Amino acid sequence: MSDRITGTTVLTGLLGSPVAHSISPLMHNASFAALGLDYAYLCFDVGTDRLKEAVEGLRAMGARGWNLTMPDKNLMCQLADKLSPASEISGAVNTIVNDDGVLTGYTTDGTGYMRAAEEAGFPLPGKVMTLLGGGGAATAILVQAALDGMKEIRVFNRKSPTFDRLSAIAGQLNRRTDCLVTVHPLEDTEDLRASIADSDILTNATNIGMAPHTDACPIPDASFLRPELIVSDIIYNPRQTKLLQMAKETGCPFFNGLYMLLYQGAASFELWTGREMPVELIKEKYFAE
Ligand code: NAP
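Taking an unreviewed UniProt entry as the reference, the protein chain is identified by name as Shikimate dehydrogenase (NADP(+)) belonging to Candidatus Anaerobutyricum stercoripullorum. Turning to the protein chain, the UniProt record has this under Subunit (unreviewed entry): "Homodimer."

Right, dumping it as structure tokens:
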């Protein structure tokens, strides 16, 4: 790295708290090096209390762009000068592009999910999805999938403050896209069973099943699945959640969240550099299944 940093090196990075565990510096810096790009990616532990100052500093210093993780995604949406349609609807930004001091906000988690699904052999436009969860990642998937032409998305979330926020986003998507979006209580297991029964894909975007709670599963049992159903879990730790184990035993095609993580980063990389991330190299180095 030391001989790569010069007087002209372009700054990119990650703001959030915590950030020390992030894989993003590895994948971006390895990609810059592989393509011979004079860029560097650093992590900055900045919570919402100092986000505005940090953003003004990065803008003044001419950083090319940065990623945002929790808890900064929503506040960054208010600080950006312009927003992509997905950020405008979801109220969240995970990528900023700085064009001569003008900050445009994007959210690439949803595009990452769509590309991962396509690569797994399941292009989603025209399909019906049952989506579990309504937090940041679920919202990003919901919004992008609707913008990209899914036929119908039924979102299930427990009755919590998230529910009303989701209903408002569903209203916007129903007005602005041809996708039919409905929001349902996760507690209504018969409604959930009926929804899964005529969906093409079931997507878990809740925390349920994430390490260390690997025995937990967002659906009551395997009778909710059938072999034709595509099952995806955006959790990547563990690689195979209890839901995905159930899917495997039922004979369903399935995929985990690993490549969503890769492709959200690849989309940011392309926005900053105009170049494609060398994803095969990055998979080999950091995303072994
Ligand atoms: P988040 O904003 O905190 O949302 C969590 C969601 O899970 C909310 O809908 C929450 O419901 C629901 N939930 C949590 N515990 C639950 C329980 N016991 N019963 C029912 N619902 C429950 O988190 P996030 O950022 O969206 O992340 C969600 C998951 O996605 C995490 O496992 C994370 O690791 C994974 N993720 C993966 C990627 C990737 O690139 N593959 C990217 C981002 C996130 P309430 O709203 O009611 O609390």
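Text resumes after the structure shown.
Moving on: the UniProt feature "binding site: shikimate" (unreviewed entry) in the protein chain. Feature annotation in UniProt places "binding site: shikimate" (unreviewed entry) on Ser22, Ile23, Ser24, Thr69, Asn94, Asp109, Tyr236 and Gln264, given in this structure's numbering. The topology assignment puts Ser24 in helix 1 (residues 24-35). On the accessibility criterion, Ser24 (10% relative accessible area) is buried. With respect to the element layout, Thr69 can be found in the loop between strand 3 (65-68) and helix 3 (73-79). Non-local contacts of Thr69, meaning those with residues more than four positions away in its chain, are made with Leu14, Leu15, Gly16, Pro18 and Val19.

To continue, consider the pattern of salt bridges. Taken as a whole and judged by the stated rule, the model has twelve salt bridges. Among the ionic contacts, a cluster of salt bridges with common partners joins Glu56, Arg59 and Asp81.

Moving on, we get to the site of the ligand. Within the structure, the ligand sits among 21 residues, and Ala137, Asn157, Ser160, Thr162 and Gly257 are positioned closest to it. At 3.2 Å from an oxygen atom of the ligand is found a main-chain nitrogen or oxygen belonging to Gly135. Within the backbone of Ala137, a nitrogen or oxygen atom sits 2.8 Å from an oxygen atom of the ligand. Protein contacts shield 74% of the accessible area of the ligand, which totals 920 Å² for the unbound molecule. Of all the elements in the fold, those that place two or more residues in the shell around the ligand are helix 6 (136-147) and helix 10 (258-273). Of the residues assigned to the shell around the ligand, the class counts are ten nonpolar, ten polar and one charged.

How each quantity is defined
- Residues numbered from 1 in each chain as written.
- Predicted model: local features only at pLDDT ≥ 70, side-chain atom pairs only at ≥ 80, totals over all residues.
- Heavy atoms only, no water.
- UniProt positions renumbered as here; feature names shortened; annotations may be inferred.
- Helix = DSSP H or I, 4+ residues; strand = E, 2+ residues; numbered from the N terminus.
- Buried < 20%, exposed > 50% of the residue type's maximum accessible area, 1.4 Å probe, protein only.
- Contact = heavy atoms within 4.5 Å.
- Salt bridge = Lys/Arg side-chain N within 4 Å of Asp/Glu carboxyl O.
- Near = heavy atom within 4 Å.
- Polar contact = N/O pair within 3.5 Å; in protein donor to acceptor, adjacent residues only side chain to side chain.
- Areas by Shrake-Rupley, 256 points an atom, 1.4 Å probe, with all protein chains shown as cover.
- Nonpolar A, V, L, I, M, F, W, Y, C, P; charged D, E, K, R; others polar.

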